[in-house]
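A structural walkthrough
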Amino acid sequence: MAQTNGHDPHYIKVGYIGLGNAGYPLASTLSRAGYHLVVLDADPTRAERFAQEHANATAAGEHDRNAFSDVKILVTMLPNGEIVREVLLGPDGGLAKHLKDGTIIIDTSSSSPFHTRETARLLSEVNASLTLIDSPITQAYQHALGKGDATLMVGCSNPEALEVAMTVLKTMGKYVFNMGELGAGHAMKTLNNYTSAASILGLCDALIAGQQFGLEPEKMLDVMNVGTGVNFSTKESFRTDGLTRRFESGYQLSLLLKDMKIAKSVIEATGVQSDLSSLIVEKLAVADEVAGPGADHTQVIHAWEKANGVQLKQSKQPDS
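Calculation criteria
Residues numbered from 1 in each chain as written. Predicted model: local features only at pLDDT ≥ 70, side-chain atom pairs only at ≥ 80, totals over all residues. Heavy atoms only, no water. Helix = DSSP H or I, 4+ residues; strand = E, 2+ residues; numbered from the N terminus. Rg over C-alpha atoms; globule rule 2.2 N^0.38 Å. Buried < 20%, exposed > 50% of the residue type's maximum accessible area, 1.4 Å probe, protein only. Contact = heavy atoms within 4.5 Å. Areas by Shrake-Rupley, 256 points an atom, 1.4 Å probe, with all protein chains shown as cover. UniProt positions renumbered as here; feature names shortened; annotations may be inferred. Axes fitted to C-alpha atoms, helices over the stretch in contact; angles between N-to-C directions. Parallel < 35°, antiparallel > 145°, perpendicular 65-115°, else oblique. Left-handed = near helix turned anticlockwise from the far one by under 90°. Nonpolar A, V, L, I, M, F, W, Y, C, P; charged D, E, K, R; others polar. Salt bridge = Lys/Arg side-chain N within 4 Å of Asp/Glu carboxyl O.

**What to know about the overall build of the protein chain**
Along the protein chain, the regular secondary structure elements total 11 helices and nine strands. Whereas a compact globule of 320 residues would reach a radius of gyration of roughly 20 Å, the protein chain reaches 21 Å, a difference of no more than 12%. Principal-axis analysis of the C-alpha atoms places the extent of the protein chain at approximately 70 × 45 × 35 Å. The buried share among the 320 residues of the protein chain stands at 50%. Looking at the protein chain alone, contacts between residues at least 24 apart form 69% of all its contacts between residues at least 6 apart. Of the accessible surface of the protein chain, which amounts to about 14,900 Å², a share of 52% is contributed by carbon and sulfur atoms.

So this is what it looks like as structure tokens:
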């Protein structure tokens, strides 16, 4: 039998916690590559379904933290850093105390870089041999995650651990960027989302103003997509979910608002003088209230429609 080298997926057992809209397809890429997975989700039926659909995966019991005691790498994909910390270091001691020495934890959630660094410090008090890597994700087109085409932004202060984790990271993502020390990945993610959110607010203004002027919103996107106004929202989410009024991009408005609050804290902490981050948070907070709980982020347009007493003309679903 060949010797295990720590890089062959057949010899690496991976724990995966969080099987939501992003976590499920990302975990699937690992399973397809041959990794043996132990999966857990807040909804036990989702973990059970994943195990049924992937022969080399098993579902951990809801309270069975020992199920992760022999994983080499643990991946988390959860709504925020607070939940990540709760899972790893909760009141009952969390999952960290059940992990074997040398386990590498990869947090792919969208979290505050400052919170992540503090979580790492707290982890070291439980077991100094554990390594935390922040590796949030983004994508160049919708549903890229399930095809292994995700973009990962990595922060790690342990080069040896990063080398071991890199095979897993490169399986989940087509583009893997080492951004620097721990927290750098989450900083990059929040600033990426900040740039995207600014374009969303500008697009909402433009679409409402354009329709009021007499322009067709669908044709406006056509122009933007072959011009300087092109961005992810014009090419993807607003094309397929916003103007069609399907509102099923898979990214909740409340999460976008959460991410922008993180971005605002990073911008303020770096001393950058700008009013834009506060304006984005203010506008998204109003939109989140207008759209209601569980709203898709493309439903942000409802706030602009309400404020201006209009509704954008619905477009047909694109062919591709």
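Next comes the rest of the account.
**Here we look at the UniProt feature "active site" (unreviewed entry) in the protein chain**
Those residues carrying the UniProt feature "active site" (unreviewed entry) are K189 in this numbering. Residue position: K189 is located in helix α6 (residues 184-213).

**Looking at the environment of F68**
Turning to its location among the elements, F68 is positioned in the loop between β3 (57-59) and β4 (73-76). Judged by its relative accessible area of 0%, F68 is buried. When the C-alpha atoms of F68 and N21 are compared, they prove to be 22 Å apart, with 47 residues separating the residues in sequence. Sequence-distant contacts of F68, defined by excluding residues within four places in its chain, comprise G15, Y16, I17, V38, L40, A60, L74, L95 and L99.

**Some remarks on unusual backbone geometry**
You will see that R245, though not glycine, has its phi angle at about 65°, which is positive. Here F247, not a glycine, exhibits a phi torsion of approximately 55°, which is positive. Tracing the chain through its elements places F247 in the loop between α8 (232-242) and α9 (253-269).

**Some remarks on the packing of helix α1 (residues 23-32) against helix α2 (residues 44-53)**
α2 packs onto α1 with a crossing angle of 30° between their chain directions and a minimal axis gap of 12 Å. By the criterion of interaxial angle, the relationship of α1 to α2 is roughly parallel. Pair α1 / α2 crosses with right-handed handedness. Two secondary-structure elements touch here, α1 through Y24, A27 and S28 and α2 through R46, R49, F50 and E53. Across the contact of α1 with α2, the residue classes break down as three nonpolar, one polar and three charged.

**Things to note about the pattern of salt bridges**
When the charged atoms of two side chains lie near each other, side chains of opposite charge can form a pair. Applying the stated rule across the entire model yields 12 salt bridges. Here R121 ties to E118 by a salt bridge, and the two come within 2.6 Å at their closest N and O atoms. One end of the pair, R121, and the other, E118, are both in helix α4 (residues 113-126), three residues apart, so they sit about a helical turn from each other. We classify E118 as partly exposed; its relative accessible area is 30%. Ionic pairing is found between R245 and E305, a salt bridge with its closest N-O pair at 3.0 Å. Of this pair, R245 sits in the loop between α8 and α9 while E305 sits in helix α11 (residues 301-308), placing them 60 residues apart in sequence. Look at the salt bridges and you will find they share partners, linking E118, R121 and E125 into a network.

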